[in-house]
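# What the coordinates show
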Amino acid sequence: MSALKIKKGSTKHSAYNLRPTFSEHLETHTLAVIVDNEPGVLARVIGLFSGRGYNIDSLTVAEIDHEGHQSRITIVTTGTPQVIEQIKAQLGRIVPVHEVHDLTVEGRSVERELALLKVSGSGDKRVEALRLADIFRAQVVDSTLESFVFQITGTPEKVDAFADLMRPLGLQEVARTGVAALARGTE
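Remember, it's a predicted structure, so these values are computed and weren't measured experimentally. (Residues numbered from 1 in each chain as written. Predicted model: local features only at pLDDT ≥ 70, side-chain atom pairs only at ≥ 80, totals over all residues. Heavy atoms only, no water.)

### Observations regarding the overall build of the protein
Note the threshold: In this text, helices come from DSSP runs of H or I with a minimum length of four residues, and strands from runs of E with a minimum of two, each type numbered from the N-terminal end. For every residue, the accessible area obtained with a 1.4 Å probe (protein chains only) is divided by the maximum for its type, and the residue is called buried under 20%, exposed over 50%, and partly exposed between those limits. A 1.4 Å probe and the Shrake-Rupley method give the accessible areas. Residues count as covered only by the protein chains that appear here.
A tally of regular secondary structure across the protein gives four helices and nine strands. Tracing the protein from N to C terminus, the helices and strands come up as β-α-β-β-α-β-β-α-β-β-α-β-β. Split into buried and exposed, the 187 residues of the protein put 34% on the buried side. Counting only carbon and sulfur atoms, one obtains 53% of the accessible surface of the protein, whose full area is about 12,200 Å².

### Considerations on the pattern of salt bridges
In plain terms, the rule: Salt bridges are defined by distance alone: a side-chain nitrogen of Lys or Arg within 4 Å of a carboxyl oxygen of Asp or Glu.
In total, this model carries seven salt bridges according to the counting rule given. Of the charged contacts, one joins Asp164 and Arg167 as a salt bridge, the two residues approaching to 2.7 Å between their closest N and O atoms. By relative accessible area, Asp164 is classed as partly exposed at 48%. Judged by relative accessible area, which is 49%, Arg167 ranks as partly exposed. Each of the salt bridges in this network shares a partner with another, and the network as a whole consists of Glu85, Lys88 and Asp102.

### Remarks on the packing of aromatic side chains
Between two aromatic rings, the relevant description is the distance of the centres plus the angle of the planes. Going by this rule: Side-chain rings of Phe, Tyr and Trp (the six-membered ring for Trp) are treated as a pair once their centres are within 6.5 Å; stacked means planes under 30 degrees apart, edge-to-face means over 60, and tilted covers the remaining angles.
Overall, the coordinates contain four aromatic pairs when judged by the stated rule. Centre to centre, the rings of Phe150 and Phe162 are 5.9 Å apart; their planes meet at 90°, and the pair counts as edge-to-face. Highlighted residues: Phe150 in strand β7 (residues 147-154) and Phe162 in helix α4 (residues 156-166), separated in sequence by twelve residues. Overall, Phe150 belongs to the buried group, its relative accessible area being 0%.

### Comments concerning helix α3 (residues 124-135)
The test is simple: A helix's residues, less one, multiplied by 1.5 Å, set its expected span. For this quantity, the arc is that covered by the directions from the helix axis to the C-beta atoms. Residue contacts follow a heavy-atom distance rule, with two residues in contact if any of their heavy atoms lie within 4.5 Å.
Under the 1.5 Å per step criterion, the end-to-end length of α3 is 17 Å for twelve residues, consistent within 8% with the ideal 16 Å. Among the residues of α3, Arg126, Ala129, Leu132 and Ala133 are the ones counted as buried. With its buried residues spanning 125° around the axis, α3 presents them on a single face. In α3, the exposed residues that point more than 90 degrees away from the buried face are Asp124, Val127, Asp134 and Ile135. Contacts made by the buried residues of α3 are with β5 (109-120), β6 (139-143), β7 and α4. Phi for Arg137, located one or two positions after α3, is positive at around 60°.

### Notes on the nonpolar core
Looking at soluble globular proteins, one finds that nonpolar side chains tend to be buried together. What counts, and what does not: Take the buried Ala, Val, Leu, Ile, Met, Phe, Trp, Tyr and Cys residues and link them wherever side-chain atoms come within 4.5 Å; each set so joined is a nonpolar core.
Core analysis: the biggest nonpolar cluster contains 17 residues, and Leu117, Val119, Phe150, Ile152, Phe162 and Met166 have the highest contact counts within it. Sorting the residues of this core by element identifies β5, α3, β7 and α4 as the ones contributing at least two each. Formed by 14 residues, the second largest nonpolar core is a distinct cluster that contains Leu48, Ile75, Leu91 and Ile94.

### A short note on unusual backbone geometry
Phi at His69 takes a positive value of approximately 50°, unusual for a residue other than glycine. Secondary-structure assignment places His69 in the loop between β2 (56-65) and β3 (70-79). Its relative accessible area of 47% is what places His69 among the partly exposed residues. Backbone geometry places Arg137, a non-glycine residue, at a positive phi of 60°. With respect to the helices and strands, Arg137 occurs in the loop between α3 and β6. Given a relative accessible area of 72%, Arg137 falls into the exposed group.

### With respect to a nonpolar patch on the surface
Stated formally: Residues forming no salt bridge and having over 30% relative accessible area are the ones grouped into patches, like charges within 9 Å of each other and nonpolar side chains (Val, Leu, Ile, Met, Phe, Trp, Tyr) within 5 Å.
A contiguous nonpolar patch, built from Leu42, Leu59 and Val61 and spanning about 210 Å² of accessible area, is present on the exposed surface. Inspection of the secondary structure assignment puts Val61 in strand β2.

Next up, the structure:
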């Protein structure tokens, strides 16, 4: 008897699908998590990410209900669809978590970020920085003879584009708030 010569993976004649069913492409998702505003909750949520090797691209936290002592944690993370589903399921199992919303899949949402950028320069570079700030609708919130501090609000991509254009003009420092996001519509 000869050995069977079976190729790895499935074919149209195979009764079994031997290929992995998980996706390899990475997706970026924005998660809104409503939690009790009590000590240690943020550490537990962040511990879930760090303990499993998940990355957080952006994180914002603020109290949203003073009387109900609830906070909203907005997390932007990247992973395969299976990893994102696992993150949502594990977040939902943490005791002080009330709601987990994936704003990326639940419909249209609005995402904004605030950034402050310090740009140093003189002469033509200074004039060019002001011209670009006007195009991007950035505001000058501080000015000295050597530098400007610009405030810009918009999508993370808009903030990135503005910072990239300011680099050759003397970008010195950047401070970003992280993404704040809400679902659009009445629900």
